[in-house]
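Letter by letter, the chains look like this.
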Amino acid sequence: MKVPLIVSVNRYYFDHNATTPVCPEAANALAEAAATLWGNPSSVHRDGQLVRSRLDKARRQVAGLLSCPPKRIVFTSGGTEAANLAILGSVRASAAARRHVITSSIEHPAVLSACAQLEREGVEVSYLPVDSRGLVDPDNVRRQIRPNTVLISCMHANNETGVVEPIAEISAIARERGILFHSDGVQATGKIPVSLDQFQPDLYSLSAHKFYAAKGSGALYIRPGLELQPIQYGGRHEAAFRPGTENVPGILAMGAAAAAVTDSTRIAALRDRLEAAILDGVPDVSVNGAGAPRTPNTTNLCFEGIEGEAMVIALDLKGFAVSTGAACSSGAVKASHVLLAMGLTEARAKSSLRFSLGRYNDEGQVDALVDAVAGAAAHLRRLSPTYAHA
Ligand code: PLP
């Protein structure tokens, strides 16, 4: 079954950290699952067991991407559920006396909201600061540890800046002190090599739609022997960690996309080309996260004197999809908590834009984006009351 890949029609997509297009391998898996693999993988008959064998294959493919044994992978409905199961499940399963969690101030809401729920349940949570590059300091992690610390949760790569956190060091500190370690790997998986045999976390979350599979699937790596209290109740699917009949099309697509992940050297070169051309051609632009290791596809730029949201709209009208990291709530644009944590003023945080590249971008699209950004920046600055015109 062949499904044509339609990435865009007169549109250039530079928002791959929000979601990625579905790659042909994943689209074929979705179509095949919908058409022929409709059996229930828990059924003992052949129709069910055929699907079970395909789920097992997908588990091997996802485990291959993380360098971990397939048995350690539990399928979930996405990154949010994986992080919730990791955080709520591990703390609730631990001894009642261990009621302190450490996380960073730049986590995705999937982690921050799970921690907020733990706080409502009487758990104390310490939120680690980051430096101006967006990096958590492992020494700071060490200083925050208390006798009753049960879990440290630190993201692998940040969704807004692409900054890659020192999780191997943080994981080693946690291990040394007998504390559980979870990393939200949603923005790292498929973009940088992830070797769980090297990082040795207890828990690692990922999401299929960030690496060219479909929305609504994800996975949690669970270290052998770890106890987790399920966050949903039902049958004994997924080694009794996650009840509910598996999302077969989504999981098979995730496996196919995991097997199709390629090295990011070309994307890194495109990101560098974009960043260099904008810094060269547009005055008063700076890189948020400069000096830190970053995922190869992401650049977050501050355009002095410009409202990021106005820039998103101006670029959208020209056919380019980019984003701010800002969340809209009740119509008001909030400054990004990630950029504020890095020490940006509210004005500079609101003047920042995220460009996240992907597999189907090319040099021509990057060059067209540079021209569009330069034009939009000049136009918006002419109208800006806050930009100091030379
Ligand atoms: N964690 C990070 C860092 C993310 O960027 C996202 C999605 O944007 C999530 C978690 C949530 O993943 P999902 O959309 O699969 O629930």
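Above this note sits the structure.
Since this is a predicted model, take the numbers as computed values, not measurements.

This part is about the sheet that holds strand β14 (residues 352-356). Sheet architecture is open: three strands sit in the order β9-β10-β14, paired in antiparallel fashion. In the strand order of this sheet, the two ends are held by β9 (285-288) and β14, each with one partner. The average undirected angle you get between the axes of adjacent strands in this sheet is 30°. As paired strands, β9 and strand β10 (residues 298-303) are joined by four bridges and run antiparallel to one another. Counterpart to Val287 in the pairing with β10 is Leu301. Taken strand by strand, helix α9 (residues 265-281) contacts β9, β10 and β14, and its axis lies near 10° from that of β10.

Further remarks concern the pattern of salt bridges. As enumerated under the stated definition, the model contains 18 salt bridges in all. Two residues, Arg11 and Asp316, come together in a salt bridge whose shortest N-O distance is 2.8 Å. Linking Arg11 in the segment before β1 (12-13) with Asp316 in helix α10 (residues 308-317), this pair joins segments that are 305 residues apart in sequence. Judged by its relative accessible area of 30%, Arg11 is partly exposed. A relative accessible area of 37% places Asp316 in the partly exposed class. Across the salt bridge formed by Glu238 and Arg59, the nearest N and O atoms sit 2.8 Å from each other.

This part takes up the packing of aromatic side chains. Any two aromatic rings considered together are summarised by their centre-to-centre distance and by the angle between their planes. Tallying each qualifying case throughout the model produces three aromatic pairs. Aromatic pair Tyr12 and Phe320: ring centres 5.5 Å apart, planes at 65°, arrangement edge-to-face. Here the residue Tyr12 occupies a position in strand β1, and Phe320 occupies one in strand β11 (residues 320-321), the gap between them amounting to 308 residues. An angle of 90° between the planes, with centres 5.9 Å apart, marks the rings of Tyr212 and Tyr360 as edge-to-face. In this pair, Tyr212 is assigned in the loop between β7 (203-207) and β8 (218-222) and Tyr360 in the loop between β14 and α13 (363-383), connecting sequence segments 148 residues apart. A relative accessible area of 8% means that Tyr212 is categorised as buried.

With that settled, the discussion passes to the nonpolar core. Within soluble globular proteins, side chains that are nonpolar generally end up buried alongside one another. Core analysis: the largest hydrophobic core is formed by 60 residues, its most contacted members being Ile73 and Ile152. Per element, the largest residue contribution to this core is eight residues, and it comes from helix α8 (residues 248-259). Taken domain by domain, the makeup of this core includes at least three residues from each of domain 1 (24-259) and domain 2 (265-383). If we ignore the near neighbours within four places in the chain, the residues touching Ile152 are Ile102, Val141, Ile145, Ile170, Ala174, Ile179, Leu180, Phe181 and His182. Counting residues in hydrophobic clusters, the runner-up holds 28 residues, among them Val282, Leu357, Val366 and Ala377.

On to the environment of Tyr13. Tracing the chain through its elements places Tyr13 in strand β1. Residue Tyr13 is classed as partly exposed on the basis of its relative accessible area, which comes to 22%. Considering only alpha carbons, one finds Tyr13 and Gln365, 352 residues apart in sequence, at a separation of 8.9 Å. In this structure the side chain of Tyr13 is engaged in a polar contact, spanning 2.8 Å, whose partner is the backbone oxygen of Asp15. Within the structure, the side chain of Tyr13 is placed 2.8 Å from the backbone oxygen of Thr19, a separation counted as a polar contact.

Rules behind the numbers
- Residues numbered from 1 in each chain as written.
- Predicted model: local features only at pLDDT ≥ 70, side-chain atom pairs only at ≥ 80, totals over all residues.
- Heavy atoms only, no water.
- Pairing = 2+ DSSP bridges.
- Helix = DSSP H or I, 4+ residues; strand = E, 2+ residues; numbered from the N terminus.
- Axes fitted to C-alpha atoms, helices over the stretch in contact; angles between N-to-C directions.
- Contact = heavy atoms within 4.5 Å.
- Salt bridge = Lys/Arg side-chain N within 4 Å of Asp/Glu carboxyl O.
- Buried < 20%, exposed > 50% of the residue type's maximum accessible area, 1.4 Å probe, protein only.
- Phe/Tyr/Trp six-rings, centres within 6.5 Å; stacked < 30°, edge-to-face > 60°.
- Core = buried A, V, L, I, M, F, W, Y, C linked by side-chain atoms within 4.5 Å.
- Domains from an automatic or database assignment.
- Polar contact = N/O pair within 3.5 Å; in protein donor to acceptor, adjacent residues only side chain to side chain.

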